[in-house]
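Inside the fold
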Amino acid sequence: MGVSTLKDVTAIAGIGQTPFAKQLPESEKALACRAILAALDDAGIKPAEVDAFASYTMENTDEVEVAKAIGAGDVTFFAKTGYGGGGSCGTIAHLSAAIATGQATVGVAWRSRKRGSGPRPWTNTAVQLPTPAQWTRPYGLLRPADEIGMLTRRYMHEYGATRDHLFNVALACRNRANQNPAAMMYERPMTRESYMSSRWISEPLCLFDNCLETDGALACVVVSAERARDLRQKPVYVHSAAQGLPAQHHGMVNYWNDDPLSGPSWTAARHLWKSADFGPDDVDVAQIYDAFTPLIPLSLEGYGFCGRGEGAAFTEGGALETGGRLPINTSGGGLSEAYVHGFNLINEGVRQLRGTSTAQVPNAATCLVTAGEGVPTSALLLRS
Amino acid sequence: MTSPQNELLQPVPDDDGAPFWEYAARGELRMQACAAEGCGELRFPPRPCCPHCQSFDSEWRLMSGRGRIWSYVTAHPPLLPAYAALAPYDVVLVELAEAPQIRLVGNLVGNGNGNGNGSAPKPRIGAAVTADFREHPDGLPLPHWRLERP
Ligand SMILES: [Zn+2]
């Protein structure tokens with residue numbers, strides 16, 4: 001067997017999205033179709049050429065529905081990645097692997113969600129899984145914010161992180177959203193006072209440490225690098241891709257191993273960098289999954305931008321802002337653009353490397369995109 | 001078994017976890033341990049086989065009931081209605097003295113009789129706690145935790 005690699009073999013050739021809002025009138029299926037058709041149009045590829053689909057769980061619109069609605073051809077690859085927001089980058093990884101190995105030629109990944117107007121998943125008590133819910137939910141640890149809040153309090157205790165560090169994250173995302181007309185928080189600036197005086201959700205996490213609730217959909221088109229060079233958009237190459245499920249990991253309630261604070265990002269990162277031609281110091285801009293502000297310092301450590309316990313301090317001095325050491329979430333992220341399970345981070349990574357972001361990092365040539373930390377995760381290194 | 005929206009959630013055990021709740025109902029804190037000779041590792045959550053030696057033999061080992069608070073949160077609404085009625089309330093994560101890598105989610109209770117979560121002491125990271133198997137005034141499931149030095 002020859003040595004094979006995904007490095008720069010495929011590229012994201014098209015991106016599409018719907019508006020983001022607290023409430024959109026159309027169904028998730030209609031929003032999915034709009035985003036996918038927009039992405040195909042962006043790439044200049046006909047829907048009949050699509051022969052691969054990748055999505056992630058908690059997506060209610062499946063391949064059969066999407067394929068027949070958009071007019072896809074014969075589909076020869078379809079895959080679904082688990083763990084909600086942990087699967088976002090996994091969709092691109094799976095499409096890349098399928099295209100690199102000749103199983104398909106034109107892949108579509110998408111996310112459609114009506115979380116703004118629909119119910120919060122944690123309010124459904126009927127579908128709670130016995131493992132691990134039996135150990136946590138009866139005692140009132142009900143929501144993702146409670147589960148991550150537990151890790152956050154410990155992180156603050158161990159490493160001297162403060163609410164100001166979490167504010168640094170929330171502010172960077174908000175500032176970028178204020179530059180992005182598509183962002184839900186476009187016209188809503190944040191101050192330290194408004195952050196500090198917002199209501200608690202699960203102490204130590206306040207309202208602005210939590211992502212938005214959004215209706216909206218996004219999609220990407222993945223093709224071979226060779227094909228991408230002949231299309232209308234500047235290719236954005238998938239340089240490296242990884243998934244991460246650490247040994248003895250337990251998902252959002254990662255409380256039952258030696259080191260709950262080193263989560264899936266550490267595992268994904270080891271594989272991601274091993275397959276890459278560059279390292280963390282060479283990343284021009286990053287789109288880091290931000291369902292909650294503390295996921296940023298934890299991910300900064302996991303992906304090697306700083307040492308263990310240094311993630312909070314890393315956020316100081318405007319490091320995450322435009323012109324800082326590592327500009328992040330340049331469309332506003334899940335905290336301030338839209339929370340569509342992290343897919344907006346992928347599209348923004350593509351815009352940065354095309355040079356079309358509303359908060360463009362000058363000459364950005366490399367971008368890290370991550371999926372949910374705190375659950376089995378995935379990540380991409382993109383380059384222009 | 002599911003609970004109506006206006007009631008506290010009761011544990012919905014799986015096959016592996018059921019013995020924990022049966023022992024808890026009898027006032028015992030027991031953890032699943034490997035029963036293979038030369039291994040004996042504790043594991044949590046309970047599962048069919050041992051991740052250290054792959055043995056399917058297990059036993060339920062009695063714990064001292066002592067531990068330390070590793071972390072905690074204070075939950076505020078929006079919450080399920082029955083929990084919103086108790087809010088704000090603290091949820092603690094207790095690392096067991098015998099196995100610090102096992103951290104049980106729970107609630108603190110006061111030392112006197114009839115103290116609800118509302119009058120429970122404030123958690124502190126590192127504080128020593130002991131398992132308490134009295135019925136919780138708010139109807140939360142066993143076990144609860146009591147501060148050794150409130
Ligand atoms: Zn064993």
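Residues numbered from 1 in each chain as written. Chains lettered and ligands numbered in written order. Predicted model: local features only at pLDDT ≥ 70, side-chain atom pairs only at ≥ 80, totals over all residues. Heavy atoms only, no water.

It is worth spelling out unusual backbone geometry at this point. Omega for the peptide link from E203(A) to P204(A) comes to 15 degrees, which places this bond in the cis form. Put simply, F44(B) and P45(B) share a cis peptide bond, and its omega is -10 degrees. Looking at the element boundaries, P45(B) is found in the loop between strand 1 (30–34) and strand 2 (58–62). For Y83(A), which is not glycine, the phi torsion reads 75 degrees and is therefore positive. By the element assignment, Y83(A) lies in the loop between strand 3 (77–81) and helix 3 (88–100). The class of Y83(A) is exposed, set by a relative accessible area of 53%. (Helix = DSSP H or I, 4+ residues; strand = E, 2+ residues; numbered from the N terminus. Buried < 20%, exposed > 50% of the residue type's maximum accessible area, 1.4 Å probe, protein only.)

All names here are of chain A. Packing of helix 1 (residues 28–43) against helix 2 (residues 63–70) leaves a shortest axis separation of 10 Å and a crossing angle of 55 degrees. When the axes of helix 1 and helix 2 are compared, the pair comes out oblique. Note on packing geometry: the crossing formed by helix 1 with helix 2 is right-handed. Contacts between helix 1 and helix 2 involve K29, A32, C33, I36, L37 and L40 from the first element and E65, V66, A69 and I70 from the second. Classifying every residue of the contact of helix 1 with helix 2 by side-chain character gives eight nonpolar, no polar and two charged. (Axes fitted to C-alpha atoms, helices over the stretch in contact; angles between N-to-C directions. Parallel < 35°, antiparallel > 145°, perpendicular 65-115°, else oblique. Left-handed = near helix turned anticlockwise from the far one by under 90°. Contact = heavy atoms within 4.5 Å. Nonpolar A, V, L, I, M, F, W, Y, C, P; charged D, E, K, R; others polar.)

If you look at the interface, chain A gives 38 residues, while chain B gives 44 residues. For the chain A and chain B pair, buried surface summed over both sides reaches about 3700 Å², with 62% attributable to carbon and sulfur atoms. The interface formed by chain A and chain B includes zero salt bridges. Summed over the shared surface of chain A and chain B, the number is 22 residue pairs in polar contact (both at pLDDT 80 or more). Looking at the side of chain A that touches chain B, the element that brings in the most residues is helix 5 (residues 144–159) of chain A, giving seven residues. Tallied by class, the residues present in the side of chain A that touches chain B amount to 16 nonpolar, 13 polar and nine charged. Across two bridges, the pairing between strand 5 (residues 200–203) of chain A and strand 3 (residues 66–75) of chain B is antiparallel. Opposite E203(A), over in strand 3 of chain B, you have T74(B) as the bridge partner. (Buried area = accessible area lost by both parts, 1.4 Å probe. Salt bridge = Lys/Arg side-chain N within 4 Å of Asp/Glu carboxyl O. Polar contact = N/O pair within 3.5 Å; in protein donor to acceptor, adjacent residues only side chain to side chain. Pairing = 2+ DSSP bridges.)

Here the focus is the domain arrangement of chain B. Residues and elements named next belong to chain B. Taken domain by domain, chain B consists of domain 1 (12–62) and domain 2 (64–150). On a C-alpha basis, the centres of domain 1 and domain 2 stand 23 Å from each other. Taken together, the contact pairs twelve residues of domain 1 with 14 residues of domain 2. Across the interface of domain 1 and domain 2, roughly 880 Å² is buried in total on both sides, 82% from carbon and sulfur atoms. (Domains from an automatic or database assignment.)

Residues and elements named next belong to chain A. Evaluated as defined, the whole model comprises 22 salt bridges over all chains. In this structure, R111 and E59 form a salt bridge, with 3.4 Å as the shortest nitrogen-oxygen distance. Highlighted residues: R111 in strand 4 (residues 107–114) and E59 in the loop between strand 2 (52–56) and helix 2, separated in sequence by 52 residues. The burial state of R111 is the same as that of E59; both residues are buried. Among the charged side chains, a salt-bridge network with shared partners connects K22, R115, R120 and E213.

Right, let's talk about the UniProt feature "domain: Thiolase C-terminal" (unreviewed entry) in chain A for a bit. Sequence positions flagged by UniProt for "domain: Thiolase C-terminal" (unreviewed entry) are, in local numbering, residues 264–376 of chain A. Strand forms 7% of residues 264–376 of chain A and helix 35%; the C-alpha atoms that close the span are 6 Å apart. (UniProt positions renumbered as here; feature names shortened; annotations may be inferred.)

All names here are of chain B. Donor atoms from the polypeptide that bind the zinc ion are C34 (SG), C39 (SG), C50 (SG) and C53 (SG), placed at 2.2 to 2.4 Å. Classification of the site at the zinc ion as tetrahedral follows from its four donor atoms and the range of 98 to 114 degrees in their angles at the metal. The sequence pattern formed by the donor residues of the zinc ion is C-x4-C-x10-C-x2-C. Residue C39 is located in the loop between strand 1 and strand 2, and its partner C50 is located in the loop between strand 1 and strand 2; the two are separated by eleven residues in the primary sequence. (Donors = N, O, S within 2.8 Å, 3.2 Å for Na, K, Ca; no water. Tetrahedral: all angles 85-135°; square planar, octahedral: opposite > 155°, others 65-115°.)

Another aspect to go through is the packing of helix 9 (residues 264–274) of chain A against helix 10 (residues 295–302) of chain A. All names here are of chain A. Viewed as axis vectors pointing N to C, helix 9 and helix 10 meet at an angle of 35 degrees, and their least axial separation amounts to 8 Å. You can see that helix 9 and helix 10 cross each other, and the crossing is right-handed. Two secondary-structure elements touch here, helix 9 through S265, W266 and A269 and helix 10 through L298, S299, E301 and G302. For the contact of helix 9 with helix 10, the residue count by class is three nonpolar, three polar and one charged.

This part takes up the layout of surface pockets. By volume, the second largest pocket is sized at about 320 Å³. Every residue lining the second largest pocket is counted, 19 residues in all, and those nearest its centre are Q248(A), W256(A), N257(A), D258(A) and Q101(B). Among the residues making up the lining of the second largest pocket, the classes are represented as seven nonpolar, seven polar and five charged. (1 Å grid on protein atoms, 1.4 Å probe; cavity = no way out; pocket = protein on both sides within 12 Å on 5 of 7 lines; lining within 4 Å. Points joined across faces, edges and corners; volume = space filled by probe spheres on them.)

With that out of the way, let us pick up the packing of aromatic side chains. The geometry of an aromatic ring pair is captured by two quantities: the separation of the ring centres and the angle between the planes. This structure, assessed with the given rule, holds 15 aromatic pairs over all chains. Seen from their ring centres, W135(A) and F44(B) are 4.7 Å apart, and the 65 degrees between their planes marks the pair as edge-to-face. With W135(A) in helix 4 (residues 130–136) and F44(B) in the loop between strand 1 and strand 2, this pair bridges two chains. We note that W135(A), like F44(B), is buried. Lying over the aromatic face of Y56(A), R111(A) brings its terminal NZ or CZ to 4.0 Å of the ring centre. Looking at R153(A), its charged tip hangs above the ring of Y72(B), at a distance of 3.9 Å from the centre. (Phe/Tyr/Trp six-rings, centres within 6.5 Å; stacked < 30°, edge-to-face > 60°. Lys NZ or Arg CZ within 6 Å of the ring centre and 35° of its normal.)

Turning to helix 6 (residues 163–177) of chain A, a few remarks are in order. With 15 residues, helix 6 of chain A ought to run about 21 Å at 1.5 Å a step, and its terminal C-alpha atoms sit 21 Å apart, in line with that. Of all the 15 residues making up helix 6 of chain A, twelve are buried; the element is thus mostly covered by neighbouring parts of the structure. (Expected span 1.5 Å × (residues − 1).)

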